[in-house]
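Coordinates in review
Residue strings, one per chain:
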Amino acid sequence: MNQPINGVPALDDLAGAWIDRAELNHLPSLRNQWGQGHVNGDLTSLSWLAFPPYSGGYHTGVLRIDGSVPAAERMRWAPWGVRRSATAGALAVTTDVRMGYEQSRLLWRLVLRNASAVPVTAVVEQELLAPFAHSEVDWGWLYGSPWNDGHYHDYFTTERLRDEATADRPRQVQFLPIGERWVRLGSPRIPGIQRDEDSEPMLLESELPDHSTPDSGRVRAPGAACRVREISVRRATGEAVAIGEAAEHTVRPDTDLRIGTVRLGDGDVLRFDVRADEPDRTGVVLTHGNHPDSLQVALEDGHLSLRIAGEHLTAPAPLPTGGWHTVTVLVSDEGAELRLDDAPLLGTAAWWEGQRWRATTDGATVSVADSRTVARSAYAFSTAPDSVETAGARAVARWSVTLEPGEETELGIVLDIGDSAEGVTRDAVQAAASFRTEFDAVAGRWRRTWRSAFQPGNSEFSGHLPTLHTEDADLARTYYLGALLAIYLRNTTVSPLGPVFLTGGPRLGATTTFFWDISEWARTAALLEPDGLRRWVLAALAQPYDRCHSFDTRNLLPVGNHYSANDHSLFRVVKAYVGVTGDLALLGESAGGRSVLDHLRAMAFRPRGLRAAFGGGVLADFGRDAWELLECVPNYRDAVVSLNAGYVGMLRSLAALLRALGDGNEAEAAEAEREASALSAAVLAQYAGDGRWMISHPEGNEVIGHCLDFELVAADMAEDLSADQRGEMVRFVTERLLDGDWMRALDPDDPIAPLSDRPDHGAAGAFGAWPGATAFGLCRLGRPEIAAGVLRRAHRATSGGLWGQAMEVTADGTYRVAGRGVANRDSNAGVAVTEAVIAGLFEIEAGVESLSKDVGTALTPYGRLENVRAIGFDLPRPLG
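Now for a look at the structure at hand. (Residues numbered from 1 in each chain as written. Predicted model: local features only at pLDDT ≥ 70, side-chain atom pairs only at ≥ 80, totals over all residues. Heavy atoms only, no water.)

Below, the discussion takes up the overall build of the chain. Looking only at helices and strands, the chain features 16 helices and 53 strands. Scaling as 2.2 N^0.38, a compact globule of 880 residues should have a C-alpha radius of gyration of about 29 Å, and the chain matches this with 28 Å. Along the first, second and third principal axes, the C-alpha set of the chain runs to 80 × 70 × 50 Å. Counting over 880 residues, the chain shows a buried share of 63%. Across the chain, the fraction of contacts at a sequence separation of at least 24, relative to all contacts at a separation of at least 6, is 68%. Put simply, the chain shows about 29500 Å² of open surface, and 48% of that area lies on carbon and sulfur atoms. Of the side chains in the chain, 83 bear a positive and 118 a negative charge, and the two mean positions are spaced by 1 Å. (Helix = DSSP H or I, 4+ residues; strand = E, 2+ residues; numbered from the N terminus. Rg over C-alpha atoms; globule rule 2.2 N^0.38 Å. Buried < 20%, exposed > 50% of the residue type's maximum accessible area, 1.4 Å probe, protein only. Contact = heavy atoms within 4.5 Å. Areas by Shrake-Rupley, 256 points an atom, 1.4 Å probe, with all protein chains shown as cover. Lys, Arg positive; Asp, Glu negative; His and termini not counted. Charge placed at Lys NZ, Arg CZ, Asp CG, Glu CD.)

Listed below in structure tokens is the structure:
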């Protein structure tokens, strides 16, 4: 079953090796075609779980051996699950957690072996938590997850709780924010980076944009009608720190006043005086920060309230009016406490103490009920625990284990999530009764899906991928790992569109697809899942893609701010789909009130309305908002070369398509070609020499060395370049950007590099798509041998799994999947390496030209492609 079939490697051979925990910056993920999640640093707990419409908060509980929580020492990823191992005294402990394939189910296998020469008795305790909620809305890039109070995305708080999973003493670290935050009076902003705080690049170290969907229900609360004065912090050391001026401030419903910044650490006390002269008023008095976990003091019908890190408490009696009162809030790893005039008024409880979820047991199973939604969960066991205890939201299963030297024992645990308490209990019990069969079946099901992806006429995909036959083991591994990444990020139930390729996660985007990311491997997607990609195209074009960067595939709603790359991305996806399948009928389909062909027209001719009012007045000006381009490169804005080159390619492709379609389109095709020529000349005038390009700003030109300029000029304007320019561009990439097993997106010697320290688009590493896109560009410039070298090495940067959003360079010069900067552990953009093999090394570019003539080959010096499901290969041409 696990042997290679027809040249495709066994899926087991693509699983990662054991890696020391210290080498991993970003811990492995779990997926099952329905959901996603993250392992934590202990041996069993999971966070960021989502099986839409179910999402999980906090974490699922840790394993204790004789009262201590072993930290994972090594980890090993496979598509079907993650193994963790550690030593606990004389015991060698290995755990393996898997998601039931296409199920809202988790299965843990715990193996304990006596590694000593004497008998050992140990008490094994597994904490059992299931803080799941059901929601049909709020599935944006920052999708809603449940807290004791509310349903929202709290990225950094969840990460603090994940880091705390290995602590022997449970603490309330969610109350301790990282870094300084603004103290605001009055109406709080919707959590997320705000435009009036856009002076720094988007490094994302402490806060995120509010990339939620319109149905999230988030509304801005009013300010309270009150007065505030004497705002300060008393440190745990006794030091007093004043915040802003000592002046008295009047707060009204529309007040939005930033006072000053301050850090709140363990044991610190925030203090201020407040006076409310009118009873029964509702509104926010003060907020520390602009985050979902922010400490916030408010009035609710005249009663003081405290919100912080998923907790919400309201005083039983109203605040007396007509006089000044002192409010103090203590934050610590034990909780948060609000005092009024030095008298205790409000205090938080531990998050697991049952404020929202309630755990019960019959001695053999554990049931967990959510009091706010219909979500129900159940735990069952392959080996009955000696005891099960419940308290609040938490249960603990306990086994006393005695092992002889070299002896081992196995414990199996099943968690099912659903809407019916009886149903999830029944299913969990049945799975636990045949635990090893159920557990092994997950890997078997993944192996079957893997084989199907390369089999013509399979029952799982609407298409299939080419099989690469090559003697180059490194090139083959990169090619097949890219294919696996596409399958790994495929979700079969989340969307009414059918199977979709999610963009990333699992800390983000349980239902979301970005236009840009899928365009980096659109040919590969069209080969593997043409029916699904067709439906995705129509849904994507129906979105307001002039105002968003992605969309929630579950409810088909827009997400986030606009990306200037949207036109190029969507045009490229449509071109790739049509070029692979020959499905010209798509062009006549309606999406968002106009035909697909009309969308292509509008996108290609967009530069007409974007002409820069500076420079030569020909280049498209993409505006001053760096967030719409590369986010973290502050000067990459205005008239950049990359997307202008992209419009050149779009105009030429549109002209070729119009001519191929006939029907009197010659005049419009000629017009597109004329505009392409003028724009091409303007782009070439931006060449700065030595492979670099100039950005045109209103105040003048500025040279930059970024890979995106190389990639899009090479992809869309290779024929316009002189031999010298081609050579210089190749040298720039090989000497300044390519680095070890990966690359840097930005030349580290570029003047803007110190202000762009993000490992996806800055100088600290590169986005998952960039090596593949760069390799394709090298092929377009006539250097496939260099491209092959890039692709041969790329698989070494996967950190034992698959590529993430960002690969960062480490102190020893190697690359790993980054975790900082809110980077995703999984990112479908990495499939660009597979795309580069197909479209670059084998020149199967799937453009307009392929509709009527041979383009690409199945045989090159790099190997042979078999079963190429594209026109000109296994599909007939629609034209010519």
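Another point: the nonpolar core. Core analysis: the largest hydrophobic core is formed by 252 residues, its most contacted members being W450, W536, W770 and L841. Once residues lying within four places of it in the same chain are set aside, the contact partners of W536 are L497, T513, F514, F515, I518, F551, L570 and V573. Counting residues in hydrophobic clusters, the runner-up holds 36 residues, among them V183, V285, V297 and L299. (Core = buried A, V, L, I, M, F, W, Y, C linked by side-chain atoms within 4.5 Å.)

Let us look at unusual backbone geometry. With omega at 15 degrees, the peptide bond leading from P52 into P53 counts as cis. Of note, P53 is situated in the loop between β4 (46–51) and β5 (54–56). Here the residue pair G505 and P506 is connected by a cis peptide bond, since its omega of 5 degrees sits within 30 degrees of zero. Tracing the backbone shows P506 in the loop between β37 (504–505) and β38 (512–514). Positive phi outside glycine occurs at Q33, with the angle close to 75 degrees.

Further remarks concern the sheet that holds strand β40 (residues 557–559). Sheet strands associate in pairs through backbone hydrogen bonding, adopting either a parallel or an antiparallel arrangement. Spatially, β38-β39-β40 is the arrangement adopted by the three strands of the open sheet, whose pairing is antiparallel. If you trace the sheet from one side to the other, it starts and ends with β38 and β40, each paired once. Across the sheet, the axes of successive neighbouring strands diverge by a mean angle of 30 degrees, strand direction being ignored. Pairing between β38 and strand β39 (residues 550–552): three bridges, direction antiparallel. Following the sheet pairing, T512 is matched in β39 by D552. (Pairing = 2+ DSSP bridges. Axes fitted to C-alpha atoms, helices over the stretch in contact; angles between N-to-C directions.)

If you trace the backbone, G67 turns up in the loop between β6 (63–65) and β7 (74–78). Sequence separation between G67 and R84 is 17 residues; the distance between their C-alpha atoms is 19 Å.

The final tally for this structure, using the stated rule, is 73 salt bridges. A salt bridge links R534 to E589; the shortest N-O distance between them is 3.2 Å. Of the two residues, R534 sits in helix α7 (residues 530–541) while E589 sits in the loop between α8 (566–581) and β41 (590–591), which places them 55 residues apart along the sequence. A relative accessible area of 30% places E589 in the partly exposed class. Notably, a salt bridge pairs D760 with R758, separated by 2.8 Å at the nearest N-O pair. One exposure class covers both D760 and R758, and it is buried. Look at the salt bridges and you will find they share partners, linking E164, R169, R171, D333 and E334 into a network. (Salt bridge = Lys/Arg side-chain N within 4 Å of Asp/Glu carboxyl O.)

A separate point is the packing of aromatic side chains. What the rule picks out here adds up to 29 aromatic pairs. When the ring of F515 is compared with that of F551, the centres are 6.1 Å apart and the planes differ by 25 degrees; the resulting orientation is stacked. In this pair, F515 is assigned in helix α5 (residues 515–519) and F551 in strand β39, connecting sequence segments 36 residues apart. Residue F515 is classed as buried on the basis of its relative accessible area, which comes to 0%. Aromatic side chains W516 and Y563 sit 5.9 Å apart centroid to centroid with 85 degrees between the ring planes, which places their arrangement in the edge-to-face category. Of this pair, W516 sits in helix α5 while Y563 sits in the loop between β40 and α8; the two residues are 47 residues apart in sequence, bridging distant segments of the chain. Residue class for Y563 comes out buried when judged on its relative accessible area of 8%. Here the aromatic cluster, defined as three or more aromatic residues joined through ring pairs, consists of Y58, W147, Y152, W351, W352 and W357. When the ring centre of Y488 is taken as reference, the NZ or CZ atom of R31 above it lies at 5.9 Å. Between the NZ or CZ atom of R74 and the centre of the ring of W18, over which it lies, the distance is 4.5 Å. (Phe/Tyr/Trp six-rings, centres within 6.5 Å; stacked < 30°, edge-to-face > 60°. Lys NZ or Arg CZ within 6 Å of the ring centre and 35° of its normal.)

Packing of helix α14 (residues 770–780) against helix α15 (residues 784–794) brings their axes to within 7 Å, and their N-to-C directions diverge by 165 degrees. One way to sum up the angle between α14 and α15 is to call them roughly antiparallel. Crossing geometry of α14 relative to α15 is assigned as left-handed. Contact residues: P771, A775, L778 and C779 in α14; P784, I786, A787, V790 and L791 in α15. (Parallel < 35°, antiparallel > 145°, perpendicular 65-115°, else oblique. Left-handed = near helix turned anticlockwise from the far one by under 90°.)

Pairing in this open sheet of three strands is antiparallel, and the strands run β34-β53-β52 from one edge to the other. Of all strands in the sheet, those with a lone pairing partner are β34 (467–469) and β52 (859–860), marking the two edges. Taken together, the two bridges between β52 and strand β53 (residues 863–866) define a ladder with antiparallel strand orientation. Bridged to L859 within β53 is R864. Along the sheet face, helix α4 (residues 473–488) touches β34 and β53 and points at about 175 degrees away from the line of β34.

Turning our attention to the pairing of strand β30 (residues 376–381). With five of six residues buried, β30 is to be regarded as a mostly interior element. In the sheet, strand β29 (residues 366–370) pairs with β30 via four bridges, with the strands oriented antiparallel. The partner of A369 across the bridge, within β30, is R376. Between β29 and β30, which pair antiparallel and follow one another directly, the connecting turn spans five residues. Pairing geometry for β30 and strand β33 (residues 408–418), over six bridges, is antiparallel. Paired with R376 across the two strands is G418, which belongs to β33.

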